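Structural characterization, general
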Amino acid sequence: MAYLMAMVRDLDAAEEVFQNAAVVVMQHAGSPDAEPIRDFRAWAKEIVRRQALHYLRAKGRAARVAALEPELLVQIDRAFDDDATDPAHRQRELDALRDCATRLPDVQRRMVAMRYEGRASFDAIGAAVGRTAAAVQRSLSRTRRMLHDCVQSKLARVTGVAP
Amino acid sequence: MTSIPPRHDDDSLPPSRELDGLITRHLDGGLDAAEQRRLAALLDASPAARETLARYLRLEGALIRLASAGLLGSPTGDGADVEPRLRDRAGASRWLRPAAVALAGSVLAATVVAVLFVRQPEIGLLRGADVAFIADRWLELRAADAAAEPEAQDPEAPEVEEDEPDAMAGSPPGWLVAAVADEGAGLSRPDEG
């Protein structure tokens, strides 16, 4: 989902693309003539990638987000492909994030929850917290950075490696 | 290697903060074309920059996962102020959910069984990230369904603590439990040894 988010930059769109990709995967799995899959991750990623590009072509103009520059897509692919983080480390990141999220100032935690749990738009969040949509977008961007730094700091304390 | 386009806004930012800012704004769709090209150039120029992007993508995935389990802290008292996006999504894609969950479960279960027991050489080992990929999706679907159909909950069920993840997300299906357990068991690839 994070890979999809990096491409379509919208949670609802990412979900829609994921579901479409899942249907393609299932159709392949259910086909008696299906070719054997040697690398599930690479195969599934390519399906997701194609579905996301199809979505951006089909709905990009009507979407709120700008088109994705091809050179950025290449770099997102590289980052995703090169990321060999093991599941145990991902779990440590998840645990650290959960703790870091509880330490956010109340209004920031509310905005994060509204954005990720309620899938609220910047306008809706702004109306709820008394800020403009642009201010909400900036605040959420800063909050991601805070959470990232907090998680890295926590992991560094656990592993003894500087972030 | 492409040359790095110059920043066109705040030249006072240190490089790492600029990269972080571009990445986080990108995830909200906040970058224009020139900023996207600037971000691409920074990523192309540095493996460390791509590692930073990967960390932010993992963070994004973790945020989605926590949100799906209701662990980010619901905006108390603001429910009426927020767009009813979950209800909209439930209506837009409801027909896909049961099929998606059932078929994803079947595919994963079949793959895990094949890897563990049949060990057909043509099927690669399902990596942890793939399990997390599907587990994330399952958690999201559970959360969305729970939000869309609150009347389906058992009124006599005991109240649970807010910070109890299993209680918030519901019990995972057997295939997911098995897959996650296997993921932590340090399985070797079927084509090894």
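Residues numbered from 1 in each chain as written. Chains lettered and ligands numbered in written order. Predicted model: local features only at pLDDT ≥ 70, side-chain atom pairs only at ≥ 80, totals over all residues.

Structural notes on the overall build of chain A
Selection criterion: Here a helix means four or more residues in a row that DSSP labels H or I, a strand means two or more in a row labelled E, and each is numbered from the N terminus. Here the C-beta atoms are placed from the backbone, and a residue counts as buried if at least 20 other C-beta atoms lie within 10 Å of its own, exposed if 12 or fewer do, and partly exposed otherwise.
When helices and strands are counted, chain A shows eight helices and zero strands. Order of helices (α) and strands (β) in chain A, N terminus to C terminus: α-α-α-α-α-α-α-α. Put simply, chain A has 163 residues, and 39% of those count as buried.

A word on the overall build of chain B
Put simply, the rule reads: Any two residues are considered in contact once their C-beta atoms, placed from the backbone, lie within 7 Å.
When its secondary structure is counted, chain B shows eight helices and zero strands. Ordered by position from N to C terminus, the α and β elements of chain B give α-α-α-α-α-α-α-α. Of all 193 residues assigned to chain B, the portion counted as buried reaches 39%. Restricting to contacts in chain B with at least 6 residues of sequence separation, those with at least 24 account for 75%.

Concerning helix H3 (residues 40-59) of chain A
Quick reminder: α-helices carry 3.6 residues per turn. Residues three or four places apart thus point the same way. Residue and element names in this part refer to chain A. Heads up, the condition is: Here, expected helix span is obtained from the residue count minus one, scaled by 1.5 Å. Here the arc refers to the set of directions running from the helix axis out to each C-beta atom.
If you check H3, its first and last C-alpha atoms are 28 Å apart, about what 20 residues at 1.5 Å a residue would give, namely 28 Å. Within the span of H3, buried status applies to Phe40, Ala44, Lys45, Val48, Gln51, Ala52, Tyr55 and Leu56. The arc enclosing the buried residues of H3, seen along the axis, measures out at 140 degrees, which places them on a common side. H3 presents Ala42, Arg57 and Ala58 as exposed residues on the side facing more than 90 degrees away from its buried surface.

Notes on the packing of helix H7 (residues 122-129) of chain A against helix H8 (residues 133-159) of chain A
When two helices pack together, their arrangement is given by the angle between the helix axes and the distance between those axes. Residues and elements named next belong to chain A. Operational definition: Structural elements are reduced to axes, namely lines fitted to C-alpha atoms, with helices fitted over the stretch in contact, and the angle between N-to-C directions of any two is expressed from 0 to 180 degrees. Roughly parallel means an angle under 35 degrees; roughly antiparallel means over 145; roughly perpendicular covers 65 to 115; every other angle is labelled oblique. Side-chain classes are defined by residue name, with Ala, Val, Leu, Ile, Met, Phe, Trp, Tyr, Cys and Pro counting as nonpolar, Asp, Glu, Lys and Arg as charged, and the others, Gly among them, as polar.
The N-to-C vectors of H7 and H8 enclose an angle of 95 degrees; their axes lie 8 Å apart at closest approach. By the angle between their axes, H7 is roughly perpendicular relative to H8. Within the contact between the two elements, H7 uses Phe122, Asp123, Ile125 and Gly126 and H8 uses Ala133, Ala135, Val136 and Gln137. Residues belonging to the contact of H7 with H8 are distributed by class as follows: five nonpolar, two polar and one charged.

Describing the packing of helix H2 (residues 33-45) of chain B against helix H3 (residues 47-68) of chain B
Residues and elements named next belong to chain B. One can describe the packing of H2 onto H3 by two numbers: an axis separation of 5 Å at closest approach and a directional angle of 115 degrees. For the pair H2 and H3, contact is made by Leu42, Leu43 and Ala45 and by Ala49, Arg50 and Leu53, respectively. Classifying every residue of the contact of H2 with H3 by side-chain character gives five nonpolar, no polar and one charged.

Digging into unusual backbone geometry
Most peptide bonds take the trans configuration, and most residues that are not glycine carry a negative phi. Unlike most non-glycine residues, Arg9 of chain A shows phi in positive territory, near 55 degrees. Counting through the fold element by element, Arg9 of chain A comes out in the loop between helix H1 (2-8) and helix H2 (11-30).

Observations regarding the confidence of the model for chain A
We apply this condition: Note: pLDDT gives the predictor's confidence per residue, expressed from 0 to 100.
Residues of chain A with pLDDT of at least 70 account for 92%, and the chain-wide mean is 85. No element of chain A has a lower mean pLDDT than H2 of chain A, which averages 80, and none a higher one than H7 of chain A, which averages 94.

Examining the environment of Arg119 of chain A
Note that Arg119 of chain A resides in the loop between helix H6 (106-116) and H7. Between the C-alpha atom of Arg119 of chain A and that of Leu11 of chain A, which follows or precedes it by 108 residues, the distance is 7.2 Å.

Section: the environment of Ala22 of chain A
Residue and element names in this part refer to chain A. Within the element layout of this structure, Ala22 appears in helix H2. Ala22 sits in the buried class, given 23 other C-beta atoms within 10 Å. Taking the C-alpha atoms as reference, Ala22 lies 8.7 Å from Ala44; in sequence the two are 22 residues apart.

Overview of the nonpolar core
How we decide: Core membership is restricted to buried Ala, Val, Leu, Ile, Met, Phe, Trp, Tyr and Cys residues, and these are joined into a nonpolar core through C-beta atoms within 7 Å.
Ranked by size, the top nonpolar core spans 68 residues in total, and within it Leu4, Val8 and Val17 of chain A carry the most contacts. Here this core takes eleven residues from H3 of chain B, the largest share from any one element. Those residues in contact with Leu4 of chain A that sit more than four places away from it in its chain are Ala14, Val17, Phe18, Val48 and Ala52 of chain A.

Some words on the confidence of the model for chain B
All names here are of chain B. In the predicted model, chain B carries a mean pLDDT of 58, and the fraction of residues at 70 or more is 30%. Ranking the helices and strands of chain B by mean pLDDT puts H2 first, with 95, and helix H7 (residues 165-169) last, with 34. With pLDDT under 50 throughout, residues 111-129 is counted as low confidence; its partners more than four residues away or in other chains account for 37 contacts. Taken as a whole, residues 149-193 scores under 50 in pLDDT and shows 41 contacts with residues more than four places along the chain or in a different chain. On the interface metric, ipTM, the complex scores 0.85, and its pTM is 0.61.

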